[in-house]
There are 2 protein chains.
Amino acid sequence: MEELDTKEKILRGAESLFMRYGVRSISMDDIARHLSVSKKTLYQHFADKEDIVTMVARGHMERSQAEFEAIRVSSENAIDELARISVAMKKHMEEMNPTLLFDLQKYHPRAWGAWNDYKVKFIADSVQRNLQQGIDEGHFRAEINPEIISIVRVALVELAFDDRTFPQHRFKLSEVQMQIFEHFVHGILTEKGKKQYQKYKENLIVTITR
Amino acid sequence: MEELDTKEKILRGAESLFMRYGVRSISMDDIARHLSVSKKTLYQHFADKEDIVTMVARGHMERSQAEFEAIRVSSENAIDELARISVAMKKHMEEMNPTLLFDLQKYHPRAWGAWNDYKVKFIADSVQRNLQQGIDEGHFRAEINPEIISIVRVALVELAFDDRTFPQHRFKLSEVQMQIFEHFVHGILTEKGKKQYQKYKENLIVTITR
C-alpha cells in the first residue's frame with residue numbers, strides 16, 4: 001500500500017511538472033526535489049525517466065479518455081457533447097505546456113507511441129461516432145463525410161502543438177486549439193444546431209462559474 | 001521563336017503527364033515518347049528531369065496564382081470569391097494525381113521549395129485577406145482569428161495529399177479536398193453568409209454546365 005502511494009505520488013508530481021514545463025526540461029533531480037524524495041526512491045520505483053514519462057503519458061490519456069467517456073454518457077445529444085468537450089478542452093489546453101507533445105515525439109518514442117494509439121483508437125473513433133450521431137439526430141450537416149472529417153479533426157489537434165506551424169513566441173496554445181475547435185464545430189452544425197450549441201455552452205459556463 | 005515554342009511544348013507535355021501519373025513514374029523517355037521528340041531535343045532545352053519538374057511546378061503555380069487573382073478581382077464579395085474558388089478547386093483536384101505533391105517533397109527539393117514559397121507567400125496571404133474581408137463585410141463570423149485560421153487552411157490543403165493520412169486506395173483526392181473545403185467554408189460563414197454562398201454556387205454551376 002505504502003509502495004503504491006509512493007509510486008502514485010511520484011507519477012502525479014512528475015505529471016504536474018511535465019504539464020507546466022514540458023518533458024525535456026525536467027530531470028530526475030527536478031522530480032526528486034519537487035517531491036522532496038531522494039533520487040534513490042525514484043529509482044526504486046522506475047527504471048529511468050523514460051519509464052516515468054511513459055507511465056505518466058499512459059495515465060494521463062486513460063484519465064482523459066475516461067473523462068470524455070463520462071461526457072458522452074451524460075450528454076443529451078451530439079451537440080451537448082461538443083459543448084461539454086469545448087469547455088473541458090479549454091481547461092486542459094490552458095494547463096498544458098505546448099512543447100509537451102513534440103517533446104514526446106523527439107525524445108520519448110514509447111510515450112509518443114502511446115499518444116498515437118490513443119489518437120487513432122480513441123479520438124478518431126469517438127469523433128467519427130459523434131459526427132454520425134449528430135447527422136442522425138439532424139443537428140449536423142448531412143453532407144459531412146464522418147470518416148474524412150474525423151481524420152481531419154485528429155490532425156488539427158496535433159497541428160496546434162506544432163511549433164513550426166504555430167511558433168510559441170507568437171501563438172498561445174489554448175487560443176489556437178479553441179479557434180480550431182470552434183471553427184470545426186461551426187463547420188459541422190446546421191443553423192438549428194448552432195443555436196442549440198450556443199445555448200448549451202452558455203448554460204455550462206454559468207454552471208461552472210457559479 | 002521556334003526555340004520558345006519547343007521549350008513551351010515540352011513543359012506543357014511534361015505537365016500533362018505529371019498531372020495524370022505523378023512525377024516519380026514519368027521518365028525523360030516517357031516525355032520524349034509522349035511528344036514524339038528525341039531525348040536529344042529534351043536535353044537541348046533542359047539540363048535534366050529535375051530542371052523540367054522545377055519549371056513545370058513554377059509555371060503551374062504562376063498560372064494558378066493568376067487564376068485565383070482573376071477570381072478575386074471579379075468577385076462581388078468574399079463569399080462570391082469562396083464559391084468561385086470551390087468550383088475552380090474541384091476541377092483542379094479531379095485532374096491531379098494525388099502522389100504529385102509528395103513526389104516533389106521526396107524526390108524534387110527545388111520544386112518542393114517552390115511549392116512551399118507559393119503556399120506561404122500566396123495561399124496563406126490570400127486566405128487571410130479573404131477572411132478579413134468577409135469579417136469586415138459581415139459575411140464571416142467575427143470570432144474568427146484570420147491569422148490562425150488561414151494557417152490551418154494551408155495545412156489542410158497539404159493534409160489531403162498525405163498518403164499516410166488519406167491512403168489513395170481508400171480515399172479520392174478530390175472528395176477529400178472538397179469535404180475539407182466545404183467544412184472550412186461552413187466553419188467561417190454566418191447564417192446569412194451560408195444562404196448567399198449556396199446561391200452563388202448554384203448560379204456558378206448553372207453558368208458552367210449551361
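What you are looking at is a predicted structure, and each value in this text was computed from that prediction instead of being measured.

Caption draft 1: Just the layout of surface pockets, in detail. Residue and element names in this part refer to chain B. Volume-wise, the second largest pocket comes out at about 520 Å³. Along its surface, the second largest pocket is lined by 25 residues, and Ser86, Lys90, Met178, Glu182 and Lys201 are the ones closest to its centre. Among the secondary structure elements, those contributing two or more residues to the lining of the second largest pocket are α5 (78-95), α9 (173-188) and α10 (191-209). Partitioned by chemical class, the residues of the lining of the second largest pocket number 9 nonpolar, 6 polar and 10 charged.

Caption draft 2: Focus on the interface of chain B and chain A. At the junction of the two partners, chain B supplies 30 residues and chain A supplies 30 residues. For the pair chain B and chain A, the summed buried area comes to about 2,500 Å², and 65% of that belongs to carbon and sulfur atoms. Between chain B and chain A we count 4 salt bridges in total. For Glu191 of chain A, the salt bridge goes to Lys195 of chain B, with nearest N and O atoms at 3.5 Å. Counting residues per element, the ones that place at least two in the side of chain B that touches chain A are α8 (146-159), α9 and α10 of chain B. With 10 residues, the single largest contributor to the side of chain B that touches chain A is α9 of chain B.

Caption draft 3: Quick look at helix α4 (residues 49-74) of chain A. Here α4 of chain A contains 26 residues, and its C-alpha end-to-end distance of 37 Å stays within 8% of the 38 Å for a straight helix at 1.5 Å per residue. Between a side-chain oxygen at the N-terminus of α4 of chain A and the backbone nitrogen of Glu50 of chain A the separation is 3.4 Å; the capping residue is Asp48 of chain A.

Caption draft 4: Inspection of the UniProt feature "DNA-binding region" (unreviewed entry) in chain A at higher detail. According to UniProt, the feature "DNA-binding region" (unreviewed entry) maps to residues 27-46 of chain A in the numbering used here. Its end C-alpha atoms 13 Å apart, residues 27-46 of chain A is made of 75% helix and 0% strand.

Parameters and conventions
- Residues numbered from 1 in each chain as written.
- Chains lettered and ligands numbered in written order.
- Predicted model: local features only at pLDDT ≥ 70, side-chain atom pairs only at ≥ 80, totals over all residues.
- Heavy atoms only, no water.
- 1 Å grid on protein atoms, 1.4 Å probe; cavity = no way out; pocket = protein on both sides within 12 Å on 5 of 7 lines; lining within 4 Å.
- Points joined across faces, edges and corners; volume = space filled by probe spheres on them.
- Helix = DSSP H or I, 4+ residues; strand = E, 2+ residues; numbered from the N terminus.
- Nonpolar A, V, L, I, M, F, W, Y, C, P; charged D, E, K, R; others polar.
- Contact = heavy atoms within 4.5 Å.
- Buried area = accessible area lost by both parts, 1.4 Å probe.
- Salt bridge = Lys/Arg side-chain N within 4 Å of Asp/Glu carboxyl O.
- Expected span 1.5 Å × (residues − 1).
- Polar contact = N/O pair within 3.5 Å; in protein donor to acceptor, adjacent residues only side chain to side chain.
- UniProt positions renumbered as here; feature names shortened; annotations may be inferred.

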